[in-house]
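# What the coordinates show
Residue strings, one per chain:
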Amino acid sequence: MDFVSTCNSIFKATTELYHVTDDVDAKPVNPYADGSIESKLFVKNWIDAVQWHLEDIIRDPNIDPLAAIALKRRIDRSNQERTDLVEEIDSYFLDKYRDVKPAADATINTESPAWAIDRLSILALKIYHMEAEVKRTIQAGRKYMKVYRQTKMYNDPSTNPILYGKKQ
């Protein structure tokens, strides 16, 4: 299994594990060897899952202001833990590839591998929650939709003056 597949598999399983209890205070048992990259990926996604739900909680318009302040501070701590873990994951890659000499024409990435992995973790959560929303019953007639059509049809010959022959 390639590394991205490993990440996606761990993130999907961890996201599902979080939702067994759906409790921001739950203490999971990490199934991976302590110190392994898999263990770090598990912790990374767990932090993200908890923070996702903390951010849902803080958006409650009826939240007690003092509880909101405490929750905001918890979210800030979580963000720091998340950033620290991203740096640990980057250290894994630095160590793994420490003997690789960059080619003369090598270019630098705009982000580190661990920040790309961070996006995969968040994506796993987005997929999980979008699937839950799609499956949610909404056919009670309490909502209606309006379709907004694009006003710039890039390749549509009936709306692009260059394509339908109108002079500018």
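Figured I'd write up the structure that's included with this text. (Residues numbered from 1 in each chain as written. Predicted model: local features only at pLDDT ≥ 70, side-chain atom pairs only at ≥ 80, totals over all residues. Heavy atoms only, no water.)

## With respect to the overall build of the protein chain
Along the backbone of the protein chain there are five helices and zero strands. Counting from the amino terminus, the protein chain carries its helices and strands in the arrangement α-α-α-α-α. The C-alpha atoms of the protein chain give a radius of gyration of 22 Å, which is well past the 15 Å a tight globule of 168 residues would have. Its C-alpha atoms put the protein chain at 65 × 60 × 35 Å along the principal axes. (Helix = DSSP H or I, 4+ residues; strand = E, 2+ residues; numbered from the N terminus. Rg over C-alpha atoms; globule rule 2.2 N^0.38 Å.)

## Quick notes on the nonpolar core
By size, the foremost hydrophobic cluster in this structure holds 24 residues, and its most contacted members are Phe 11, Leu 41, Ile 89 and Ile 117. Sorting the residues of this core by element identifies helix H1 (3–21), helix H2 (37–58), helix H3 (65–96) and helix H4 (113–135) as the ones contributing at least two each. For this core, the element with the highest residue contribution is H2, accounting for eight residues. Leu 41 has contacts with Phe 3, Cys 7, Ile 10, Phe 11, Ile 89 and Ile 117, leaving out every residue within four places of it along the chain. (Core = buried A, V, L, I, M, F, W, Y, C linked by side-chain atoms within 4.5 Å. Buried < 20%, exposed > 50% of the residue type's maximum accessible area, 1.4 Å probe, protein only. Contact = heavy atoms within 4.5 Å.)

## Some remarks on the packing of aromatic side chains
For the coordinates displayed, the defined rule picks out seven aromatic pairs. Ring centres 5.3 Å apart and planes at 80° place the aromatic pair Phe 3 and Phe 93 in the edge-to-face group. Of this pair, Phe 3 sits in helix H1 while Phe 93 is found in helix H3, placing the two residues 90 residues apart along the sequence. Using a relative accessible area of 28% as the deciding quantity, one classes Phe 3 as partly exposed. (Phe/Tyr/Trp six-rings, centres within 6.5 Å; stacked < 30°, edge-to-face > 60°.)

## Some thoughts on the packing of H2 against H3
Close contact between H2 and H3 brings their axes to 10 Å; oriented N to C, the two are set at 160°. Considered as vectors, H2 and H3 are oriented roughly antiparallel to each other. Viewed along their axes, H2 and H3 form a crossing whose handedness is left-handed. Looking at the contact of H2 with H3, its residues break down into 15 nonpolar, three polar and nine charged. (Axes fitted to C-alpha atoms, helices over the stretch in contact; angles between N-to-C directions. Parallel < 35°, antiparallel > 145°, perpendicular 65-115°, else oblique. Left-handed = near helix turned anticlockwise from the far one by under 90°. Nonpolar A, V, L, I, M, F, W, Y, C, P; charged D, E, K, R; others polar.)

## A few points about the side chain of Lys 44
Within the secondary structure layout, Lys 44 lies in helix H2. You can call Lys 44 buried: its relative accessible area is 1%. Polar contacts involving the side chain of Lys 44 include one to the side chain of Asp 48, which spans 2.4 Å. A polar contact of 2.5 Å, which involves the side chain of Lys 44, links it to the side chain of Asp 118. Once you skip the residues sitting within four places of it in the chain, Lys 44 turns out to touch Arg 82, Leu 85, Val 86, Ile 89, Asp 118 and Ser 121. (Polar contact = N/O pair within 3.5 Å; in protein donor to acceptor, adjacent residues only side chain to side chain.)

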